[in-house]
Amino acid sequence: MPIHQARALLLSALFALPFTANAETREAPAAKGADDGKPLIIAHRGASGYLPEHTLAAYAVAVLQGADYIEPDLVMSKDGQLFARHDNELGLTTDVAKHPEFADRKRKATIDGVELDGWFSEDFTAAELKRLRAIERIPDVRPGNTRLDGQFEIPTLQEIIDLVKALQVSQGREIGLYIETKHPAHFQQLGLAMEKPLVETLARNGYADAKAPVYLQSFEVSNLKALRQLSSLRLVQLYGKGQPQDQVELGNPLTYEQMATPAGLKAVAQYANGVGPDKGYVIPRKADGSLGEPTRFVADAHAAGLLVHPYTFRAENQFLPINLQRGSDPAARGDIDAELRAFLATGIDGLFIDQPDIAVRLRNAAAH
Ligand code: G3P
Ligand code: CA
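Attention here is on the structure that accompanies the text. Quick caveat, the model's predicted, so the values are computed rather than measured.

### Section: the packing of aromatic side chains
Applying the stated criterion across every chain yields a total of 11 aromatic pairs. A centroid spacing of 5.3 Å and a plane angle of 55 degrees characterise the contact between Y69 and Y215, whose relative ring orientation is tilted. Of the two residues, Y69 is situated in strand β2 (residues 69-71) and Y215 in strand β8 (residues 214-218); the sequence distance between them amounts to 146 residues. Summarising the aromatic geometry, the rings of Y281 and F297 are spaced 5.7 Å apart at their centres and angled 50 degrees between planes, so their arrangement reads as tilted. Within this pair, whereas Y281 is found in the loop between β10 (274-277) and α12 (297-303), its partner F297 is found in helix α12, the two being separated by 16 residues in sequence. Each member of the pair, Y281 as well as F297, carries the same accessibility label: buried. Following the ring pairs from residue to residue traces out a cluster consisting of Y69, Y178, Y215 and F352. Above the plane of the ring of F124 lies R105, whose end atom (NZ or CZ) is 5.0 Å from the centre. The aromatic ring of F313 is capped on one face by K279, whose charged end is 4.8 Å from the ring centroid.

### Some details on the layout of surface pockets
Here the idea is plain: a probe the size of a water molecule rolls over the atoms and shows the empty space left. Approximately 880 Å³ is the volume attributed to the largest pocket. Along its surface, the largest pocket is lined by 35 residues, and H86, E180, K182, H183 and F219 are the ones closest to its centre. Listed by contribution, the elements that provide at least two residues to the lining of the largest pocket are β6 (114-118), β7 (176-181) and β8.

What counts and how
- Residues numbered from 1 in each chain as written.
- Chains lettered and ligands numbered in written order.
- Predicted model: local features only at pLDDT ≥ 70, side-chain atom pairs only at ≥ 80, totals over all residues.
- Heavy atoms only, no water.
- Phe/Tyr/Trp six-rings, centres within 6.5 Å; stacked < 30°, edge-to-face > 60°.
- Helix = DSSP H or I, 4+ residues; strand = E, 2+ residues; numbered from the N terminus.
- Buried < 20%, exposed > 50% of the residue type's maximum accessible area, 1.4 Å probe, protein only.
- Lys NZ or Arg CZ within 6 Å of the ring centre and 35° of its normal.
- 1 Å grid on protein atoms, 1.4 Å probe; cavity = no way out; pocket = protein on both sides within 12 Å on 5 of 7 lines; lining within 4 Å.
- Points joined across faces, edges and corners; volume = space filled by probe spheres on them.

Structure representation (structure tokens):
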């Protein structure tokens, strides 16, 4: 979608909608449940292929494109508020570097074993974070999105919920929240544990049990187990490379590879309802970079009673298997339809995508 069209759509939606979630919007009946149309289309950080990620605008456009769920990643402010950012380091996706009043907050820190030099959400109050504006994370790949740099605030979880409640009314359907806790062990060590405020905020807004259109996801294990003690909301174990960070810090040898075996998946099913694997667990790439053959991961996860929602599908060539790239421009769009069809054929229950409109179109076409 051209950016001017996305912006027009967004503005028409935003100005037409009530932005405060009042009793009327909370209780409005939804004609279609968020989980009705399998496989789920989860808008990865919003419609982040079209607008700067983790902004109300990116989430709203994703909903207007038909996404079933939007995906906020959450970090904590110094005063314990939940904000949507992929990283607690703010330099890549906000204009913090342009704020002279925050220049002295720049520092080095090791987050999840990686040394970083930047600005960190835990050093900023909620009011200070509200003075920042979002910028495009990958301007070389998505130059069109940079036209919106500086336009949008960093949203709180409550603001995202309010947006969803309002859009449910205008769209006449339930819209889900697929929320990731980012760096949970790190925030716990700072005395800013995310789990309780997250569950309490959701409960205040009527999201309290497994029937709610909510999934909570994490790459770590301990905080999912803690969430299971606090809530019956649905939980999803994410799978990356190596080990979950909390397991590293606990000195446990558990790896994602072990968690992907039939026995490992059964153990995950003791506390989670689903798994969110890097898509390579489902269909790895061959040595030459082309798309390979499906593994047993989906069948083994289903046998353990787990839903499977792989991440992350992106339309640009540089993110696609080499045999599905089109032309030589890494930022040009390749044959993502072919990649999506191959993954949908494996029986996955949903997927994370930066361009939800593409997956919605394919999913709906397959249903007819
Ligand atoms: O949460 C699924 C997927 O978003 C995980 O990767 O790094 O984009 O949060 P990331
Ligand atoms: Ca995420």
